[in-house]
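# A structural walkthrough
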Amino acid sequence: MAYASQSDITERYGADLLVLLADRDGDGTADGPVVDRSLADASAEIDVHVAAKYQLPLAEAPGILTRLAVDIAVYRLASEADRLTDERRQRYEDARLSLRDIASGKTSLGLPSPGAPSRAYTSVGCVSGRPRRFTRETMRGLAGGAGSENSL
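Keep in mind that what you see is a predicted model, and the values were worked out from it rather than measured.

### A look at the overall build of the chain
Helix and strand counts for the chain come out as 6 helices and 0 strands. Ordered by position in the sequence, the α and β elements of the chain form the string α-α-α-α-α-α. By residue count, 26% of the 152 residues in the chain fall in the buried class. Across the chain, the fraction of contacts at a sequence separation of at least 24, relative to all contacts at a separation of at least 6, is 69%. Summed over all atoms, the accessible surface of the chain reaches about 10000 Å², with 49% contributed by carbon and sulfur.

### Some words on the environment of Asp27
By the element assignment, Asp27 lies in the loop between helix H2 (15–22) and helix H3 (32–50). A relative accessible area of 47% places Asp27 in the partly exposed class. At 3.0 Å, the side chain of Asp27 forms a polar contact with the side chain of Thr29.

### Here we look at unusual backbone geometry
Backbone phi values are negative for most residues with the exception of glycine, while trans is the configuration of most peptide bonds. In the segment running from Leu56 into Pro57, the intervening peptide bond is cis, with an omega of -5°. Position of Pro57 among the secondary structure elements: in the loop between H3 and helix H4 (63–80). Residue Asp82 is not a glycine yet carries a positive backbone phi of 55°.

### Notes on the side chain of Asp23
Locating Asp23 in the fold gives a position in the loop between H2 and H3. Buried within the structure, Asp23 lacks any salt-bridge partner; Arg24 is the closest side chain of opposite charge, at an N-O distance of 7.8 Å. A distance of 3.2 Å separates a polar side-chain atom of Asp23 from the backbone nitrogen of Asp27. Of the polar contacts made by the side chain of Asp23, one reaches the backbone nitrogen of Gly28; its length is 2.9 Å. With residues near it in sequence (within four places) discarded, Asp23 still touches Leu18, Gly28, Thr29, Ala30 and Asp31.

### Looking at the packing of aromatic side chains
Counted by the stated rule, this structure contains 1 aromatic pair. An angle of 5° between the planes, with centres 4.0 Å apart, marks the rings of Tyr75 and Tyr92 as stacked. In this pair, Tyr75 is assigned in helix H4 and Tyr92 in helix H5 (residues 86–104), connecting sequence segments 17 residues apart. One exposure class covers both Tyr75 and Tyr92, and it is buried.

### Here's the deal with the confidence of the model for the chain
Of the residues in the chain, 82% have a pLDDT of 70 or more, and the chain-wide mean is 86. Confidence drops under pLDDT 50 across residues 116–121; counting only partners more than four residues distant or on other chains, this segment forms 0 contacts.

### Examining the side chain of Asp71
Position of Asp71 among the secondary structure elements: in helix H4. Taking relative accessible area as the criterion, Asp71 reaches 4% and is therefore assigned buried. Dropping the residues within four chain positions of it, Asp71 is found in contact with Arg12, Tyr13 and Arg91.

Scoring rules and cut-offs
Residues numbered from 1 in each chain as written. Predicted model: local features only at pLDDT ≥ 70, side-chain atom pairs only at ≥ 80, totals over all residues. Heavy atoms only, no water. Helix = DSSP H or I, 4+ residues; strand = E, 2+ residues; numbered from the N terminus. Buried < 20%, exposed > 50% of the residue type's maximum accessible area, 1.4 Å probe, protein only. Contact = heavy atoms within 4.5 Å. Areas by Shrake-Rupley, 256 points an atom, 1.4 Å probe, with all protein chains shown as cover. Polar contact = N/O pair within 3.5 Å; in protein donor to acceptor, adjacent residues only side chain to side chain. Lys, Arg positive; Asp, Glu negative; His and termini not counted. Salt bridge = Lys/Arg side-chain N within 4 Å of Asp/Glu carboxyl O. Phe/Tyr/Trp six-rings, centres within 6.5 Å; stacked < 30°, edge-to-face > 60°. pLDDT = per-residue confidence, 0-100.

Now the structure itself:
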């Protein structure tokens, strides 16, 4: 499952950056197969981490995965085009930390994870203790007269 598209990269970073990073043939436009490959690699990297807590494929991808996929894909494109900057590297490292947090359970995608009980589920336990000291029989006759049923 692809978590982001070429238009997601353009939307977040602009068409000029995408051309700078993915125009391998020099025609002034981003090469679609190059972008698609980097997005597929980003999605595969995300899947490795997400699969630790969620069953794949996801029914719907939360927006955070789109952002992470874009940052990972841009990092990979920049690396291949010798256009890597400290900012791009930092965004990639931040994305990896977010993925580790998802895999470890520190961060949730807000989706049910398989095997986890639903929030509506409650368990009932059995509680036992000492026998009751005060019963109708042991209290009989103490309040309001001997043998009075209405005294309790």
